[in-house]
Amino acid sequence: MIKSTKRKLSFNLNETKTNSKTRQARSIIKEFSLNTSTHGIPGIARSESIHNRVFWSISLLIFTGIMTYFIFQSIRAYFEYPTQTSIEIIREWPQAFPAVTICNYSPLRYDRFIKPFLNYTNTLHFTDTNDSTNFTDEQISYIHDYLTSKLNRNESLHEYFYSLESMMIYCSYNEMLCTTANFTWFISSRYGLCYTFNAQLKDSFGQTLKYNTDNGGNGVLKLRLYVHQHQYVPHLSDGIGAVVLVHDNRQLPYIEMRALQLAPGQHHKLGYEKKTSYFLPSPYTVCSNALTAGMQAMFNEYHGTDYGYLEIACFLTCSQSYVYQKCGCGNPFSWNARFIVLPYSDQTIHIPLCNVSDPCYGQAESEMMNTESIWTTYCSPCQQDCTYIAFNTRSTSLLAPPVSLLKNIKQFVESSRVPLPHNWSTSWISEIQSSYVSLEVAYETTRSEIYYQQATISAVDVISNVGGHTGLWIGISFLSLMEIAEMIYRLSRVQWLKFWQILRKKPTMTEMNY
């Protein structure tokens, strides 16, 4: 009887302690509710009527919902990664002088080209003539296939093109004479041999870029050229003169698309301004500065230059890879993309070029451009440049040459090893005026425009926006979160002590049998 009474007293004591712990937990919650800096909750806690408590509860729910909506909108806006462009104008001096690429407008020398070409067309029974004085429109259609066939046999085309020695009468940079050794070369399917002054070279060549201040000058390149228009292949070109491109030292000169045309009989001055654009990487934009294996293989055709990533160059190499897999040959107009690297491979392949009359390469390029899966497989690395440097040029011109230069030009032409016109002795002045091109490239200002793409919303902005909305609608701050954390800690501690006491006071099976 006594033991039974003790057991009841023990159970009553445990129940009393449990009720005490429950009241303590409620007290913690009420204390938090009355004293928290979060708006609305103290109103609910101190309400003495149901109507007042309902009013504050509904108000808190409504404004919490509004706050949640605006916080969601702020976070969603951040993950859309919006950008804006800021412009900064700086004074850049000294400044690296840009690269300047020049080509004769017509690629072929008639005197060296015509006999091998006639042998080719006669052998294939396209023509049946040995007349080298009359060139017809019909023969024009076979020229590109002839040149392609020589490239496919790894035969050089240099003898058919205009060498720099045969064209450049005079060259100076900041009044210091320059020679053909200051130029690098490459072959264009449209313009033949082209020559670049001040390209960035690989370290093994040990040459440095030229700057505007070299030799105490202001960065002026002067060139006098003779294009030998009397040697142009009839019907091949629709004009006479030269082409030029001012570009960054590490940028591949895509002269077929961006060249400026220079008419003969004039002195042309190109004034340039430098503009640099910086784009944000992923996730803000899809841009790249990484060379692909195909681009590296292509750049080897530019002989010693150290060119960087260019979107159009990447596209040329990837499209050539697809054309080759589709047709077994490459685009016949992409002469410098004859070395390719197929997707998921690191092996460089030397491919043949298609005949111009073959429709396969055009169909393949069209198919690739219009089929997303093909584009993704072959050209996914080809994105816009993360850094792009452009030189905006302004062209002015004067009549040239002056009479004082005629004699020197005449001597150059006669010693150039290019056959003279048959009536040279009587018409040399008019011939010079038809083939002489003078060029001057100089900076217009030391100011350089820099375009920066910047994130419109940063992580700090998101935190500020969220904090502003929580503070505006329900008054929550980081210290309010600390109050909530303190309440959770106190409640957890009470529950843990309650659980711990239950474990310690739990009656054994022997005690339960009494």
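Residues numbered from 1 in each chain as written. Predicted model: local features only at pLDDT ≥ 70, side-chain atom pairs only at ≥ 80, totals over all residues. Heavy atoms only, no water.

A.B. asks: So what about the overall build of the chain? Which residues, and what values?
C.D. replies: For the chain, the helix and strand inventory stands at 17 helices and 16 strands. For the chain, the C-alpha radius of gyration of 40 Å lies well beyond 24 Å, the compact-globule estimate for 514 residues. Projecting the C-alpha coordinates of the chain onto the three principal axes gives extents of approximately 145 × 55 × 45 Å. In the chain, buried positions account for 42% of the 514 residues. When contacts within the chain are restricted to residue pairs at least 6 apart in sequence, long-range pairs at least 24 apart make up 76% of them. Here the chain has roughly 28200 Å² of accessible surface; of this, 55% comes from carbon and sulfur atoms. (Helix = DSSP H or I, 4+ residues; strand = E, 2+ residues; numbered from the N terminus. Rg over C-alpha atoms; globule rule 2.2 N^0.38 Å. Buried < 20%, exposed > 50% of the residue type's maximum accessible area, 1.4 Å probe, protein only. Contact = heavy atoms within 4.5 Å. Areas by Shrake-Rupley, 256 points an atom, 1.4 Å probe, with all protein chains shown as cover.)

A.B. asks: Quick one: what's the story with the side chain of Ser 334, residue by residue and with numbers?
C.D. replies: Counting through the fold element by element, Ser 334 comes out in the loop between α10 (311-327) and β12 (339-341). Ignoring any residue separated from it by four or fewer positions in sequence, one finds Ser 334 in contact with Leu 316, Gln 320 and Leu 353.

A.B. asks: Provide a residue-level description of the packing of aromatic side chains, including the pertinent values.
C.D. replies: Aromatic ring pairs are reported here in terms of the distance separating the ring centres and the angle at which the planes meet. Going through the model one piece at a time under the given rule, you end up with 34 aromatic pairs. Seen in terms of ring centroids, Phe 70 and Trp 473 are 5.9 Å apart; in terms of plane orientation they differ by 5°. Their pairing is stacked. One end of the pair, Phe 70, is in helix α3 (residues 50-79); the other, Trp 473, is in helix α15 (residues 459-473), and 403 residues separate them in sequence. The exposure class assigned to Phe 70 is partly exposed, which follows from its relative accessible area of 31%. Residue classification places Trp 473 among the partly exposed residues on the basis of a relative accessible area of 25%. Measuring from centroid to centroid gives 5.8 Å for Tyr 173 and Phe 197, while their planes differ by 45°, and the two rings are tilted. (Phe/Tyr/Trp six-rings, centres within 6.5 Å; stacked < 30°, edge-to-face > 60°.)

A.B. asks: If you had to explain the environment of Thr 85 to someone new, which residues and values would you point to?
C.D. replies: Structurally, Thr 85 is set in strand β1 (residues 83-91). On a C-alpha basis, the gap between Thr 85 and Glu 165 in space is 46 Å, while along the polypeptide they are 80 residues apart. The contact partners of Thr 85, leaving out residues within four places of it in the chain, are Tyr 451, Tyr 452 and Gln 453.

A.B. asks: So, the nonpolar core: which residues are in play, and what are the values?
C.D. replies: With 85 residues, the main nonpolar core has Ile 102, Phe 113, Phe 183, Leu 221 and Val 441 as its most contacted residues. When sequence neighbours within four positions are dropped, the list of residues in contact with Ile 102 reads Leu 164, Phe 183, Cys 194, Tyr 195, Leu 223, Leu 225, Val 243, Val 244 and Leu 439. Judged by nonpolar contacts, the second largest core, of ten residues, contains Tyr 226, Ile 409, Phe 412 and Val 413. (Core = buried A, V, L, I, M, F, W, Y, C linked by side-chain atoms within 4.5 Å.)

A.B. asks: Report on the packing of helix α4 (residues 110-123) against helix α6 (residues 143-152), specifying residues and quantitative values.
C.D. replies: Where α4 meets α6, the axes come as close as 11 Å, and the angle between the chain directions of the two elements is 90°. The orientation of α4 relative to α6 falls into the category roughly perpendicular. Across from Phe 113, Pro 116, Phe 117 and Tyr 120 in α4, the residues of α6 making contact are Ile 143, Asp 145, Tyr 146 and Ser 149. Among the residues forming the contact of α4 with α6, the class breakdown is six nonpolar, one polar and one charged. (Axes fitted to C-alpha atoms, helices over the stretch in contact; angles between N-to-C directions. Parallel < 35°, antiparallel > 145°, perpendicular 65-115°, else oblique. Nonpolar A, V, L, I, M, F, W, Y, C, P; charged D, E, K, R; others polar.)

A.B. asks: I'd like a rundown of the environment of Leu 151, residues and numbers included.
C.D. replies: Here Leu 151 is to be found in helix α6. The sequence separation of Leu 151 and Leu 353 amounts to 202 residues, and the corresponding C-alpha distance is 7.9 Å.

A.B. asks: Pulling in residues and values, what's your account of the state of the cysteines?
C.D. replies: Across all of its chains, the model carries seven disulfides by this definition. Covalent S-S linkage joins Cys 287 and Cys 386, the inter-sulfur distance amounting to 2.1 Å. Here the S-S torsion is close to 90°, and the disulfide linking Cys 287 with Cys 386 is therefore right-handed. Placement of Cys 287 in strand β11 (residues 287-288) and of Cys 386 in the loop between β14 (384-385) and β15 (387-399) is noted, with a sequence separation of 99 residues between them. Each of the two residues, Cys 287 as well as Cys 386, counts as buried. (Disulfide = S-S within 2.5 Å.)

A.B. asks: Could you give an account of the pattern of salt bridges, with specific residues and numbers?
C.D. replies: Throughout the structure, instances matching the rule amount to ten salt bridges. A salt bridge links Asp 111 to Arg 109; its shortest N-O distance comes to 2.8 Å. On the basis of relative accessible area, Arg 109 is assigned to the buried category, the value being 2%. (Salt bridge = Lys/Arg side-chain N within 4 Å of Asp/Glu carboxyl O.)

A.B. asks: I'd like to hear about the confidence of the model for the chain, residue by residue, with values.
C.D. replies: For the chain, per-residue confidence averages 88 on the pLDDT scale, and residues scoring 70 or more make up 93% of the total. This model gives residues 1-11 a pLDDT under 50, and the stretch forms five contacts once residues within four places in sequence are excluded. (pLDDT = per-residue confidence, 0-100.)

A.B. asks: Now, about helix α12 (residues 372-379): what can you tell me, with residues and values included?
C.D. replies: Every buried residue belonging to α12 is among Ile 374, Tyr 378 and Cys 379, and all of these are buried. Taken down its axis, α12 places every buried residue within 85° of arc, on the same side. (Arc of directions from axis to C-beta.)

A.B. asks: Hey, could you go over the side chain of Asn 122 for me, with residue numbers and the actual values?
C.D. replies: The topology assignment puts Asn 122 in helix α4. A relative accessible area of 19% places Asn 122 in the buried class. At 2.8 Å, the side chain of Asn 122 and the backbone oxygen of Thr 129 are in polar contact. Each residue touching Asn 122, except ones within four places of it in the same chain, is listed here: Thr 127, Asp 128, Thr 129 and Asn 130. (Polar contact = N/O pair within 3.5 Å; in protein donor to acceptor, adjacent residues only side chain to side chain.)

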